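# Commentary on secondary and tertiary structure
What follows is the residue order along each chain.
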Amino acid sequence: MHGKVLIMTDTDKGDPVDLIGSGGAPRPAGPEVQDTQRKAHVRGLIELLRSTSLDARWKAAEALGATGDTEAVEPLIAALSDPFVDVAWLAAKSLGKIGDPRAVEPLIAALQSKEKWLRVGASWALGRLKDPRAVPRLVSLLKDPKKMVRKNAAWALGAIGDERAAGPLSEQATDPDPEIRDTVAEAIGAIRKKNNPA
């Protein structure tokens, strides 16, 4: 094995390692190798996001969020329009995990979807992005007929912390669902804490 380099995955840690020389002792791969492998992985997931297989697309949409790679932002934005909500709502959540501001306007637009799960995913993502441009549209979702939409909209408004949401949230303090009431109370508390620090 003299003079040969073998790239493999360390099964315990999932980290790339290379075996150099005759000793065969694992040594972590250099940053350039890791970066190249990571980029190749992201590009592979982006290709899967365009697959004709629904199963491949939703798995790719979910996995791209875990990478945190901004190269995935535009393909994930495009996936918000996937004809299957399974893909679209996971794309929304992944955009929230990546945290790139390019996703804000497309996610705000997704809040108008007829699909409950896309409204849920977009609300959650906008809460992660904490962009105040989302506040008016999120406020409108506080009266959504679907409980999960109302809950995620309330959480997102609390995460953003914009004072404009305090009044509309207070109006929802009597929501018939106790989970919504709890989320609304937490959101109002978060807004107060952000705008009136002790």
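These lines cover the structure that appears in this document, whether it is placed above or below. (Residues numbered from 1 in each chain as written. Predicted model: local features only at pLDDT ≥ 70, side-chain atom pairs only at ≥ 80, totals over all residues. Heavy atoms only, no water.)

## Some points on the overall build of the chain
The criterion, for reference: Every helix listed is a DSSP run of H or I at least four residues long, and every strand listed is a run of E at least two residues long, numbered separately from the N terminus. Calculation of accessible area relied on Shrake-Rupley with a 1.4 Å probe; when residues are assessed, cover is drawn exclusively from the protein chains displayed.
Per the secondary structure count, the chain includes 10 helices and 3 strands. Put simply, the chain runs from its N terminus to its C terminus through helices and strands in the order β-β-β-α-α-α-α-α-α-α-α-α-α. Summed over all atoms, the accessible surface of the chain reaches about 10,800 Å², with 54% contributed by carbon and sulfur.

## Points about helix α10 (residues 178-195)
Put simply, the rule is: One fewer than the residue count of a helix, multiplied by 1.5 Å, yields its expected span. Only protein chains enter the accessibility calculation, which uses a 1.4 Å probe; a residue is then buried when its area is under 20% of its type maximum, exposed when over 50%, and partly exposed in between. An arc is given here, and it is the one of the directions from the helix axis to the C-beta atoms. Contacts are residue-level and defined by heavy atoms, with any inter-residue pair within 4.5 Å sufficient. Between N or O atoms, a polar contact is any pair within 3.5 Å; within protein, one atom must be a potential hydrogen donor and the other a potential acceptor, and residues adjacent in sequence are included only when both atoms are from side chains.
A rise of 1.5 Å per residue sets the reference length of α10, with its 18 residues, at 26 Å; its end C-alpha atoms lie 26 Å apart and thus fit the reference within 8%. For α10, every residue scored as buried is listed here: I180, T183, V184, A187, I188 and I191. The buried residues of α10 all sit within an arc of 135° when viewed along its axis, so they share a single face. Along α10, exposed side chains directed more than 90 degrees from the buried face belong to E186, R192 and K193. Tucked into the core, α10 has its buried residues touching α8 (147-160) and α9 (166-171). The distance from a side-chain oxygen at the start of α10 to the backbone nitrogen of E179 is 2.8 Å, and the residue carrying that oxygen is D177.

## Quick notes on the packing of aromatic side chains
Where we set the bar: For Phe, Tyr and Trp, where Trp contributes only its six-membered ring, two rings pair if their centres lie within 6.5 Å, and the inter-plane angle classes them as stacked under 30 degrees, edge-to-face over 60, or tilted in between.
Across all of its chains, the model carries 2 aromatic pairs by this definition. Residues W89 and W117 carry aromatic rings whose centres are separated by 5.2 Å and whose planes lie at 45° to one another, so their mutual orientation is tilted. Placement of W89 in helix α4 (residues 85-98) and of W117 in helix α6 (residues 116-129) is noted, with a sequence separation of 28 residues between them. When its relative accessible area of 21% is taken as the criterion, W89 is described as partly exposed. For the pair W124 and W155, a centre-to-centre distance of 6.4 Å together with 15° between the ring planes defines the contact as stacked. In this pair, W124 sits in helix α6 while W155 sits in helix α8, placing the two residues 31 residues apart along the sequence. Taking the relative accessible area as the measure of exposure, W155 reaches 34% and is therefore partly exposed.

## Brief notes about a positive patch on the surface
Applied cut-off: Like charges are joined within 9 Å and nonpolar side chains (Val, Leu, Ile, Met, Phe, Trp, Tyr) within 5 Å, but only among residues with over 30% relative accessible area and no salt bridge; these make up the patches. Take a side-chain nitrogen of Lys or Arg and a carboxyl oxygen of Asp or Glu: if they are within 4 Å of each other, that pair is a salt bridge. Positive charges are assigned to Lys and Arg, negative charges to Asp and Glu, while His and the chain termini are left out of the count. Just so you know, the charge point we use is NZ for Lys, CZ for Arg, CG for Asp and CD for Glu.
Taken together, the side chains of K97, R128, K130 and K194 make up a positively charged region of the molecular surface. Look at R128 and you get partly exposed, because its relative accessible area is 40%.

## Focus on the pattern of salt bridges
All told, the structure shown has 17 salt bridges when counted by the stated rule. A salt bridge links D69 to R38, with the shortest nitrogen-to-oxygen separation between them at 2.3 Å. In this pair, D69 is assigned in the loop between α2 (54-67) and α3 (73-79) and R38 in helix α1 (residues 31-49), connecting sequence segments 31 residues apart. K151 is the salt-bridge partner of E179, the closest N and O atoms lying 2.8 Å from each other. You can see E179 sitting in helix α10 and its partner K151 sitting in helix α8, a full 28 residues away along the chain. Residue E179 is classed as partly exposed on the basis of its relative accessible area, which comes to 37%. Through salt bridges with shared partners, one network takes in D35, R38, K39 and D69.

## A short note on the side chain of R150
Topologically, R150 is positioned in helix α8. Of the polar contacts made by the side chain of R150, one reaches the backbone oxygen of D144; its length is 3.0 Å. Beyond its immediate sequence surroundings of up to four residues, R150 is in contact with L141, L142, K143, D144, P145, D175, D177 and I180.

## Some details on α2
Given a rise of 1.5 Å per residue, 14 residues ought to cover 20 Å, and the 20 Å separating the end C-alpha atoms of α2 matches this to within 8%. The set of residues buried in α2 consists of A56, R57, A60, A61, L64 and G65. Down the axis of α2, the smallest arc covering the buried residues is 165°, so these residues share one side. On the buried face of α2, the contacting elements are α1, α3 and α4. Positive phi appears at G68, one or two residues downstream of α2, with a value of about 70°.

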